[in-house]
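# A structural walkthrough
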Amino acid sequence: MQVLYEDNHLIIVNKDSGEIVQGDKSGDATLADAVKAYIKKKYDKPGDVFLGIVHRLDRPVAGIVVFARTSKALARLNDMFRNGDIHKTYWAISKNLPPQEEGRLENWLVRNEKQNKSYAHNREKPHSKHAVLDYKVLSRSENYTLLEIKLLTGRHHQIRCQLAHAGCPIRGDLKYGAQRSNPDGSISLLARRVEFVHPVSKQPICVEAPVPNDNLWRSFQV
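Note that the structure is a prediction, hence the values are computed from the model and not measured.

Another point: helix 3 (residues 158-165). Every α-helix winds through 3.6 residues per turn, so residues three or four apart in the chain are directed the same way. Where burial is concerned, most of helix 3 is hidden: six out of the eight residues are buried. Those residues of helix 3 that fall on the buried side of the exposure criterion are Gln158, Ile159, Arg160, Cys161, Gln162 and Leu163. Of the surrounding secondary structure, the elements contacted by the buried residues of helix 3 are strand 5 (87-94), strand 6 (102-112), strand 7 (117-121), strand 8 (129-140), strand 9 (145-151) and strand 10 (189-197). Within two residues after helix 3, Gly167 carries a phi angle of roughly 90°, on the positive side.

Next up, the structure:
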């Protein structure tokens, strides 16, 4: 875990692929627990440490996770996420090129709980949720394309599902059509940047996660 920003109300950390943000049926150690332990030790806090979870990242995804350190910040961040006031930018590596250098993907997603998977449709379906993202090509290597994605809605597996539906599955994402897995079990999707107005101080916040330290990510000239 790497701390990217912290103050009395917030802590923003860089999640490694493979970490889970909060507990699930696997029983594995969580990122939230690691952040609580960090706060407890750094500030010598007695008893339980308050930490509010305001959003999640899929287990195989790396990058920025925002936590609240106070109940005031938690309530306000929850409202900000709900209202689209927190702007998240992702980077993704795909083997295929999208139809245009930049554009918008708009679909209706239906979530299958049993499969833990979403399916994209070009028109509204029963129980579907509207999903919108903007993308642009940032760079190309010999075999892969680096895409920047800005989420305009927040749906289950939205980026993974919509890119796959557009013919550009994310590298390593077997669930959504990649041909092979990544050696470390990750998928090549990074929560790269978050921008918002601080819920308490009202100062602008912009935080970037480092690019993963592997040869493919480093091969792109950005």
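Turning to the layout of surface pockets, a few remarks are in order. Here the largest pocket defines a volume of roughly 1,400 Å³. If you list the elements that add at least two residues to the lining of the largest pocket, you get helix 2 (71-83), strand 5, strand 9, helix 3 and strand 10. Broken down by element, the lining of the largest pocket gets its largest block of residues, four residues, from strand 5. Classifying every residue of the lining of the largest pocket gives twelve nonpolar, 13 polar and 13 charged.

On to the pairing of strand 10, then. Most of strand 10 sits inside the fold, with seven of its nine residues counted as buried. Two elements, strand 4 (residues 62-68) and strand 10, share two bridges in a ladder whose sense is parallel. Residue pairing in the sheet places Gly63 in a bridge with Ala191 of strand 10. By the bridge criterion, five bridges tie strand 10 to strand 11 (residues 204-208) in an arrangement that is antiparallel.

So, how was this worked out
Residues numbered from 1 in each chain as written. Predicted model: local features only at pLDDT ≥ 70, side-chain atom pairs only at ≥ 80, totals over all residues. Heavy atoms only, no water. Buried < 20%, exposed > 50% of the residue type's maximum accessible area, 1.4 Å probe, protein only. Helix = DSSP H or I, 4+ residues; strand = E, 2+ residues; numbered from the N terminus. Contact = heavy atoms within 4.5 Å. 1 Å grid on protein atoms, 1.4 Å probe; cavity = no way out; pocket = protein on both sides within 12 Å on 5 of 7 lines; lining within 4 Å. Points joined across faces, edges and corners; volume = space filled by probe spheres on them. Nonpolar A, V, L, I, M, F, W, Y, C, P; charged D, E, K, R; others polar. Pairing = 2+ DSSP bridges.

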